[in-house]
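So the chains spell out like this:
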Amino acid sequence: MTAFAQVAPAAQPLKPIEKQRTSIVEQVLRMRSLGILAALVVLVVVTTGKNSSFLSSQSIRDLLLAASIVAVLAVGQTVVMITKNIDLSVGSVLGLSAFAAGSVMHGSPGLPIGFGMAAGIVVGVLCGLVNALLVRFGGVPALVVTLGTMYIFRGIAYFWAGGEQITADEMPSSFLDLGTASLLGVPILVLIAVVAIVATGIYLSRYRSGRDLYAIGSNGHAAELAGIAVGKRTLAAFAFSGAMAGVAGVMFAARFGTVDAAAGTGYELNVIAACVVGGVAVVGGVGTVWGAALGALLLTTINSALPVLQIDQFWQQAIVGALILIAIAADRIAAVRAAQQLRKRSAHVE
(Lines give C-alpha, C1' and ligand atoms only; values in the text may rest on other atoms or scores of the structure.)
Protein backbone atom coordinates (compact mmCIF):
# COMPACT_ATOMS: atom_id res chain seq x y z
CA MET A 1 0.00 0.00 0.00
CA THR A 2 1.31 3.38 -0.98
CA ALA A 3 1.17 6.11 1.58
CA PHE A 4 0.58 9.60 0.37
CA ALA A 5 2.02 12.28 2.56
CA GLN A 6 0.04 15.48 2.67
CA VAL A 7 2.34 18.42 2.37
CA ALA A 8 1.23 21.48 4.30
CA PRO A 9 1.58 24.81 2.56
CA ALA A 10 4.64 26.76 3.61
CA ALA A 11 3.96 29.28 6.31
CA GLN A 12 4.35 32.90 5.38
CA PRO A 13 7.10 34.68 7.27
CA LEU A 14 5.82 37.01 9.95
CA LYS A 15 6.77 40.66 9.90
CA PRO A 16 8.72 41.85 12.92
CA ILE A 17 6.52 43.62 15.42
CA GLU A 18 8.90 46.55 15.81
CA LYS A 19 9.09 47.03 12.06
CA GLN A 20 5.31 46.99 11.81
CA ARG A 21 5.03 49.59 14.54
CA THR A 22 7.69 51.76 12.90
CA SER A 23 5.80 51.52 9.62
CA ILE A 24 2.67 52.98 11.22
CA VAL A 25 4.65 55.83 12.79
CA GLU A 26 6.41 56.56 9.49
CA GLN A 27 3.07 56.71 7.68
CA VAL A 28 1.71 59.21 10.20
CA LEU A 29 4.84 61.35 9.98
CA ARG A 30 4.73 61.27 6.20
CA MET A 31 1.08 62.32 6.21
CA ARG A 32 1.89 65.10 8.68
CA SER A 33 4.72 66.40 6.49
CA LEU A 34 2.40 66.44 3.50
CA GLY A 35 -0.19 68.23 5.62
CA ILE A 36 2.34 70.88 6.63
CA LEU A 37 3.34 71.42 3.01
CA ALA A 38 -0.32 71.66 1.96
CA ALA A 39 -1.01 74.17 4.74
CA LEU A 40 2.00 76.23 3.64
CA VAL A 41 0.80 76.32 0.04
CA VAL A 42 -2.75 77.31 1.01
CA LEU A 43 -1.49 79.98 3.42
CA VAL A 44 0.89 81.49 0.85
CA VAL A 45 -1.76 81.48 -1.87
CA VAL A 46 -4.38 83.14 0.34
CA THR A 47 -1.94 85.73 1.69
CA THR A 48 -0.57 86.51 -1.78
CA GLY A 49 -4.13 87.01 -2.99
CA LYS A 50 -4.56 89.61 -0.26
CA ASN A 51 -1.20 91.27 -0.90
CA SER A 52 0.86 90.34 -3.94
CA SER A 53 4.06 91.69 -2.35
CA PHE A 54 4.00 88.77 0.11
CA LEU A 55 5.88 86.71 -2.48
CA SER A 56 8.38 89.41 -3.35
CA SER A 57 12.05 88.47 -3.19
CA GLN A 58 12.60 90.62 -0.09
CA SER A 59 9.60 89.10 1.72
CA ILE A 60 10.77 85.57 0.94
CA ARG A 61 14.26 86.48 2.11
CA ASP A 62 12.96 87.91 5.40
CA LEU A 63 10.73 84.86 5.91
CA LEU A 64 13.61 82.43 5.41
CA LEU A 65 15.89 84.43 7.70
CA ALA A 66 13.30 84.41 10.49
CA ALA A 67 12.60 80.71 9.97
CA SER A 68 16.31 79.84 10.01
CA ILE A 69 16.74 81.03 13.62
CA VAL A 70 13.71 79.05 14.82
CA ALA A 71 14.83 76.02 12.78
CA VAL A 72 18.30 75.98 14.38
CA LEU A 73 16.68 76.10 17.83
CA ALA A 74 14.28 73.33 16.76
CA VAL A 75 17.21 71.12 15.70
CA GLY A 76 18.59 71.15 19.24
CA GLN A 77 15.15 70.83 20.79
CA THR A 78 14.39 67.80 18.61
CA VAL A 79 17.42 65.92 19.88
CA VAL A 80 16.37 66.61 23.48
CA MET A 81 12.71 65.69 22.90
CA ILE A 82 13.67 62.41 21.22
CA THR A 83 15.25 61.38 24.55
CA LYS A 84 11.88 62.05 26.27
CA ASN A 85 13.01 65.37 27.75
CA ILE A 86 12.28 68.99 26.95
CA ASP A 87 14.28 72.21 27.10
CA LEU A 88 12.28 75.31 28.01
CA SER A 89 15.38 77.48 28.38
CA VAL A 90 16.31 77.77 24.69
CA GLY A 91 14.93 81.31 24.35
CA SER A 92 16.87 82.53 27.37
CA VAL A 93 20.04 80.77 26.19
CA LEU A 94 19.61 82.45 22.80
CA GLY A 95 19.35 85.85 24.49
CA LEU A 96 22.36 85.25 26.73
CA SER A 97 24.44 83.92 23.82
CA ALA A 98 23.44 86.83 21.59
CA PHE A 99 24.48 89.32 24.26
CA ALA A 100 27.77 87.47 24.79
CA ALA A 101 28.56 87.57 21.07
CA GLY A 102 27.54 91.22 20.86
CA SER A 103 29.61 92.15 23.92
CA VAL A 104 32.77 90.56 22.49
CA MET A 105 32.29 92.31 19.16
CA HIS A 106 31.46 95.61 20.86
CA GLY A 107 34.33 95.47 23.36
CA SER A 108 36.98 94.39 20.83
CA PRO A 109 35.86 95.47 17.35
CA GLY A 110 39.27 94.61 15.91
CA LEU A 111 38.91 90.91 16.70
CA PRO A 112 37.93 88.46 13.93
CA ILE A 113 34.21 87.69 13.98
CA GLY A 114 35.06 84.09 14.85
CA PHE A 115 35.76 85.16 18.43
CA GLY A 116 32.28 86.62 18.79
CA MET A 117 30.70 83.54 17.27
CA ALA A 118 32.76 81.28 19.54
CA ALA A 119 31.73 83.31 22.61
CA GLY A 120 28.03 82.85 21.82
CA ILE A 121 28.36 79.12 21.15
CA VAL A 122 30.47 78.50 24.28
CA VAL A 123 27.90 80.27 26.44
CA GLY A 124 25.19 78.11 24.86
CA VAL A 125 27.11 74.89 25.51
CA LEU A 126 27.74 75.85 29.14
CA CYS A 127 24.04 76.56 29.67
CA GLY A 128 23.19 73.23 28.06
CA LEU A 129 25.61 71.42 30.35
CA VAL A 130 24.04 73.08 33.40
CA ASN A 131 20.64 71.77 32.29
CA ALA A 132 22.08 68.31 31.61
CA LEU A 133 23.80 68.00 34.99
CA LEU A 134 20.69 69.12 36.88
CA VAL A 135 18.47 66.69 34.96
CA ARG A 136 20.89 63.78 35.21
CA PHE A 137 22.07 64.08 38.79
CA GLY A 138 19.34 66.18 40.37
CA GLY A 139 16.65 63.59 39.82
CA VAL A 140 14.27 66.34 38.69
CA PRO A 141 12.22 66.20 35.46
CA ALA A 142 13.67 68.24 32.62
CA LEU A 143 10.46 70.28 32.35
CA VAL A 144 10.94 71.59 35.90
CA VAL A 145 14.72 72.04 35.62
CA THR A 146 14.62 74.00 32.38
CA LEU A 147 11.69 76.09 33.59
CA GLY A 148 13.92 77.20 36.45
CA THR A 149 17.03 77.73 34.33
CA MET A 150 14.95 79.66 31.81
CA TYR A 151 14.47 82.37 34.44
CA ILE A 152 18.01 82.02 35.82
CA PHE A 153 19.66 82.50 32.41
CA ARG A 154 17.36 85.41 31.65
CA GLY A 155 18.24 86.96 35.02
CA ILE A 156 21.95 86.60 34.25
CA ALA A 157 21.38 88.35 30.93
CA TYR A 158 19.58 91.25 32.64
CA PHE A 159 22.34 91.52 35.27
CA TRP A 160 25.03 91.46 32.59
CA ALA A 161 23.28 94.00 30.40
CA GLY A 162 22.54 96.34 33.30
CA GLY A 163 19.59 97.83 31.47
CA GLU A 164 21.68 98.72 28.43
CA GLN A 165 21.63 97.40 24.89
CA ILE A 166 24.20 96.89 22.16
CA THR A 167 23.26 98.62 18.93
CA ALA A 168 24.34 97.97 15.36
CA ASP A 169 26.60 101.03 15.20
CA GLU A 170 28.57 99.67 18.17
CA MET A 171 29.49 96.40 16.42
CA PRO A 172 31.88 95.90 13.50
CA SER A 173 30.35 95.78 10.05
CA SER A 174 32.12 92.47 9.35
CA PHE A 175 29.99 90.81 12.02
CA LEU A 176 26.77 92.46 10.87
CA ASP A 177 27.52 91.41 7.30
CA LEU A 178 26.98 87.83 8.46
CA GLY A 179 23.28 88.65 8.81
CA THR A 180 22.94 90.19 5.35
CA ALA A 181 25.48 88.35 3.17
CA SER A 182 24.43 85.73 0.63
CA LEU A 183 26.07 82.88 -1.22
CA LEU A 184 24.69 82.21 -4.70
CA GLY A 185 21.64 84.24 -3.74
CA VAL A 186 20.95 82.27 -0.55
CA PRO A 187 21.43 84.11 2.78
CA ILE A 188 24.36 82.82 4.84
CA LEU A 189 22.13 82.38 7.91
CA VAL A 190 19.78 80.16 5.92
CA LEU A 191 22.74 78.06 4.76
CA ILE A 192 23.88 77.69 8.39
CA ALA A 193 20.42 76.41 9.29
CA VAL A 194 20.41 73.98 6.35
CA VAL A 195 23.82 72.60 7.36
CA ALA A 196 22.63 72.11 10.95
CA ILE A 197 19.46 70.34 9.79
CA VAL A 198 21.19 68.05 7.29
CA ALA A 199 24.12 67.15 9.56
CA THR A 200 21.87 66.38 12.53
CA GLY A 201 19.40 64.46 10.38
CA ILE A 202 22.17 62.25 9.01
CA TYR A 203 23.61 61.71 12.49
CA LEU A 204 20.27 60.66 13.99
CA SER A 205 19.42 58.27 11.18
CA ARG A 206 22.77 56.70 10.29
CA TYR A 207 24.94 56.64 13.39
CA ARG A 208 24.54 54.24 16.27
CA SER A 209 24.85 56.93 18.93
CA GLY A 210 22.10 58.85 17.16
CA ARG A 211 19.83 55.80 17.08
CA ASP A 212 20.58 55.32 20.77
CA LEU A 213 18.72 58.55 21.48
CA TYR A 214 15.54 57.06 20.01
CA ALA A 215 15.99 53.94 22.14
CA ILE A 216 16.38 56.09 25.27
CA GLY A 217 13.21 58.00 24.46
CA SER A 218 11.22 54.85 23.71
CA ASN A 219 12.25 52.99 26.87
CA GLY A 220 15.08 54.39 28.97
CA HIS A 221 15.25 51.39 31.32
CA ALA A 222 15.44 48.90 28.47
CA ALA A 223 18.07 51.04 26.75
CA GLU A 224 20.17 50.98 29.90
CA LEU A 225 19.85 47.21 30.17
CA ALA A 226 20.94 46.98 26.53
CA GLY A 227 24.19 48.70 27.42
CA ILE A 228 23.41 52.18 26.15
CA ALA A 229 25.07 54.95 28.15
CA VAL A 230 21.83 56.77 28.97
CA GLY A 231 23.46 59.39 31.18
CA LYS A 232 26.18 60.19 28.68
CA ARG A 233 23.72 60.46 25.80
CA THR A 234 21.42 62.71 27.85
CA LEU A 235 24.30 65.01 28.74
CA ALA A 236 25.27 65.21 25.08
CA ALA A 237 21.69 65.93 24.00
CA PHE A 238 21.30 68.92 26.34
CA ALA A 239 24.80 70.21 25.51
CA PHE A 240 23.92 70.01 21.83
CA SER A 241 20.66 71.88 22.41
CA GLY A 242 22.61 74.58 24.21
CA ALA A 243 25.12 74.74 21.37
CA MET A 244 22.32 75.17 18.82
CA ALA A 245 20.79 77.91 20.98
CA GLY A 246 24.23 79.53 21.04
CA VAL A 247 24.43 79.38 17.24
CA ALA A 248 20.92 80.84 17.03
CA GLY A 249 22.00 83.61 19.41
CA VAL A 250 24.91 84.55 17.14
CA MET A 251 22.54 84.51 14.15
CA PHE A 252 20.08 86.72 16.05
CA ALA A 253 22.78 89.27 16.93
CA ALA A 254 24.13 89.38 13.38
CA ARG A 255 20.70 89.70 11.79
CA PHE A 256 19.10 92.32 14.03
CA GLY A 257 22.23 94.19 15.12
CA THR A 258 20.58 95.45 18.29
CA VAL A 259 20.81 93.09 21.28
CA ASP A 260 19.51 93.50 24.82
CA ALA A 261 18.68 91.23 27.73
CA ALA A 262 15.18 90.54 26.37
CA ALA A 263 16.46 88.96 23.14
CA GLY A 264 14.81 85.62 22.40
CA THR A 265 11.89 86.13 24.78
CA GLY A 266 8.95 83.94 23.77
CA TYR A 267 10.93 81.72 21.41
CA GLU A 268 10.32 78.71 23.66
CA LEU A 269 6.69 78.22 22.59
CA ASN A 270 7.42 78.59 18.89
CA VAL A 271 10.33 76.15 19.01
CA ILE A 272 8.44 73.47 20.92
CA ALA A 273 5.40 74.01 18.68
CA ALA A 274 7.59 73.65 15.56
CA CYS A 275 8.93 70.32 16.85
CA VAL A 276 5.55 68.94 17.90
CA VAL A 277 3.78 70.07 14.73
CA GLY A 278 6.64 68.57 12.71
CA GLY A 279 6.13 65.14 14.26
CA VAL A 280 8.49 65.07 17.25
CA ALA A 281 6.56 63.23 19.97
CA VAL A 282 6.47 64.76 23.43
CA VAL A 283 6.67 61.22 24.85
CA GLY A 284 10.03 60.65 23.18
CA GLY A 285 11.44 58.16 20.71
CA VAL A 286 9.80 59.57 17.58
CA GLY A 287 10.56 62.49 15.28
CA THR A 288 13.01 63.96 12.78
CA VAL A 289 14.75 67.29 12.36
CA TRP A 290 13.28 67.49 8.85
CA GLY A 291 9.78 67.60 10.28
CA ALA A 292 10.80 70.12 12.95
CA ALA A 293 12.28 72.37 10.25
CA LEU A 294 9.04 72.20 8.27
CA GLY A 295 7.14 73.07 11.43
CA ALA A 296 9.43 76.08 11.97
CA LEU A 297 8.80 77.28 8.41
CA LEU A 298 5.02 76.89 8.83
CA LEU A 299 4.88 78.80 12.11
CA THR A 300 7.11 81.58 10.76
CA THR A 301 4.90 81.87 7.69
CA ILE A 302 1.82 82.10 9.90
CA ASN A 303 3.44 84.88 11.94
CA SER A 304 4.25 86.79 8.76
CA ALA A 305 0.88 86.19 7.12
CA LEU A 306 -1.39 87.27 9.97
CA PRO A 307 -0.56 91.00 9.76
CA VAL A 308 -1.03 90.89 5.97
CA LEU A 309 -4.42 89.22 6.43
CA GLN A 310 -5.28 91.87 9.06
CA ILE A 311 -5.87 89.23 11.73
CA ASP A 312 -5.39 90.25 15.35
CA GLN A 313 -2.04 89.21 16.80
CA PHE A 314 -3.88 87.42 19.61
CA TRP A 315 -4.88 84.71 17.16
CA GLN A 316 -1.23 83.93 16.49
CA GLN A 317 -0.84 82.30 19.91
CA ALA A 318 -4.28 80.68 19.62
CA ILE A 319 -3.33 79.13 16.26
CA VAL A 320 -0.01 77.87 17.63
CA GLY A 321 -1.80 76.31 20.61
CA ALA A 322 -4.38 74.68 18.33
CA LEU A 323 -1.63 73.24 16.13
CA ILE A 324 0.07 71.75 19.20
CA LEU A 325 -3.18 70.09 20.31
CA ILE A 326 -3.84 68.73 16.82
CA ALA A 327 -0.30 67.34 16.62
CA ILE A 328 -0.58 65.68 20.04
CA ALA A 329 -3.92 64.16 19.00
CA ALA A 330 -2.28 62.77 15.86
CA ASP A 331 0.49 61.24 17.98
CA ARG A 332 -2.10 59.67 20.26
CA ILE A 333 -4.00 58.18 17.32
CA ALA A 334 -0.76 56.73 15.95
CA ALA A 335 0.09 55.23 19.37
CA VAL A 336 -3.38 53.65 19.69
CA ARG A 337 -3.17 52.17 16.21
CA ALA A 338 0.30 50.79 16.91
CA ALA A 339 -0.95 49.19 20.15
CA GLN A 340 -3.89 47.61 18.33
CA GLN A 341 -1.58 46.16 15.70
CA LEU A 342 0.67 44.76 18.40
CA ARG A 343 -2.26 43.09 20.16
CA LYS A 344 -3.48 41.57 16.90
CA ARG A 345 0.00 40.37 16.13
CA SER A 346 0.43 38.81 19.56
CA ALA A 347 -2.93 37.04 19.28
CA HIS A 348 -1.99 35.67 15.86
CA VAL A 349 1.34 34.34 17.10
CA GLU A 350 -0.35 32.56 20.01
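Per chain, the residues get numbers from 1 upward, laid out in the order the sequence is written. Where totals are concerned, whole chains, interfaces and linings use all residues; where local detail is concerned, this predicted model gives features only for residues with pLDDT of at least 70, and gives and counts side-chain atom pairs only at 80 or more. Computation of side-chain values: all heavy atoms of the structure, hydrogens and water removed.

1. Some points on the packing of helix α2 (residues 57-82) against helix α7 (residues 188-206)
Right, on to step 1. Two elements in contact, α2 and α7, have axes whose closest approach is 8 Å; the angle formed by their N-to-C orientations is 20°. Taken together, the axes of α2 and α7 lie roughly parallel to each other. Pair α2 / α7 crosses with left-handed handedness. Along its contact with α2, which presents L64, L65, S68, A71, V72, V75, V79 and I82, the element α7 presents L189, V190, A193, A196, I197, T200 and L204.
Right, on to step 2. Residue type decides the class: Asp, Glu, Lys and Arg count as charged, Ala, Val, Leu, Ile, Met, Phe, Trp, Tyr, Cys and Pro as nonpolar, and the leftover types, Gly among them, as polar. Class assignment for the residues of the contact of α2 with α7 results in 13 nonpolar, two polar and no charged. The axes are straight lines fitted to the C-alpha atoms, using for helices just the contacting stretch, and the angles between their N-to-C directions are given from 0 to 180°. The way it works is that DSSP assigns letters per residue, a run of H or I at least four long becomes a helix, a run of E at least two long becomes a strand, and they are numbered from the N terminus. Oblique is the label for any angle not covered by the other classes, which are roughly parallel (under 35 degrees), roughly antiparallel (over 145) and roughly perpendicular (65 to 115). Helix crossings fall into two classes, left-handed where the near helix is turned counterclockwise from the far one by less than a right angle and right-handed where it is turned clockwise. Only heavy atoms matter for contacts: two residues are in contact if any of them lie within 4.5 Å across the pair.

2. Let's talk about unusual backbone geometry
Right, on to step 1. A positive phi angle is found at K84, which is not glycine, with a value near 70°.
Right, on to step 2. Despite not being glycine, L184 has its phi angle at roughly 55°, a positive value.
Right, on to step 3. Positionally, L184 belongs in the loop between β1 (182-183) and β2 (186-187).

3. Some details on the side chain of T47
Right, on to step 1. Along the chain, T47 turns up in helix α1 (residues 17-50).
Right, on to step 2. When residues no more than four places from it in sequence are discounted, the contact partners of T47 are F54, A305, V308 and L309.

4. Some points on the side chain of N270
Right, on to step 1. The residue N270 is located in helix α11 (residues 267-277) in this model.
Right, on to step 2. For N270, the contacting residues outside a window of four places in its chain are V70, L299, N303 and V320.

5. Brief notes about the layout of surface pockets
Right, on to step 1. Definitions used for this entry: grid spacing 1 Å over protein atoms alone; cavity, a set of points where a 1.4 Å probe fits but cannot get out; pocket, an open set with protein on both sides within 12 Å along at least 5 of 7 lines; lining residue, one with an atom within 4 Å of a point. Grid points are joined across faces, edges and corners, and a volume is the space filled by probe spheres set on the points. As a volume, the second largest pocket reaches approximately 350 Å³.
Right, on to step 2. Forming the boundary of the second largest pocket are 17 residues, of which V70, Y267, N270, N303 and Q316 lie nearest the centre.
Right, on to step 3. For the lining of the second largest pocket, the secondary-structure elements that each account for two or more residues are α2, α10 (230-256), α11, α12 (289-308) and α13 (314-349).
Right, on to step 4. It is α12 that provides the largest number of residues to the lining of the second largest pocket, a total of four residues.
Right, on to step 5. When the residues that make up the lining of the second largest pocket are grouped by side-chain class, the tally is eight nonpolar, eight polar and one charged.

6. Quick notes on the nonpolar core
Right, on to step 1. Among the nonpolar cores identified, the biggest contains 85 residues, and L73 and F175 are the most heavily contacted of them.
Right, on to step 2. It is α2 that provides the largest number of residues to this core, a total of twelve residues.
Right, on to step 3. Residues within four places of F175 in sequence aside, it is in contact with A101, M105, I113, M117, V250, A253 and A254. What is meant by a nonpolar core is a set of buried Ala, Val, Leu, Ile, Met, Phe, Trp, Tyr and Cys residues, joined one to another through side-chain atoms within 4.5 Å. For every residue, the accessible area obtained with a 1.4 Å probe (protein chains only) is divided by the maximum for its type, and the residue is called buried under 20%, exposed over 50%, and partly exposed between those limits.

7. What about the packing of aromatic side chains?
Right, on to step 1. Stacked, edge-to-face and tilted are the three classes for Phe, Tyr and Trp ring pairs, Trp counted by its six-membered ring, which pair at centre distances within 6.5 Å; planes under 30 degrees apart are stacked, over 60 edge-to-face, the rest tilted. Counted under the stated rule, the structure contains four aromatic pairs.
Right, on to step 2. The interplanar angle of 50° and the centroid separation of 4.6 Å between the aromatic rings of F252 and F256 together place this pair among those described as tilted. One end of the pair, F252, and the other, F256, are both in helix α10, four residues apart, so they sit about a helical turn from each other.
Right, on to step 3. Taking relative accessible area as the criterion, F252 reaches 11% and is therefore assigned buried.
Right, on to step 4. Since its relative accessible area comes to 40%, F256 is described here as partly exposed.

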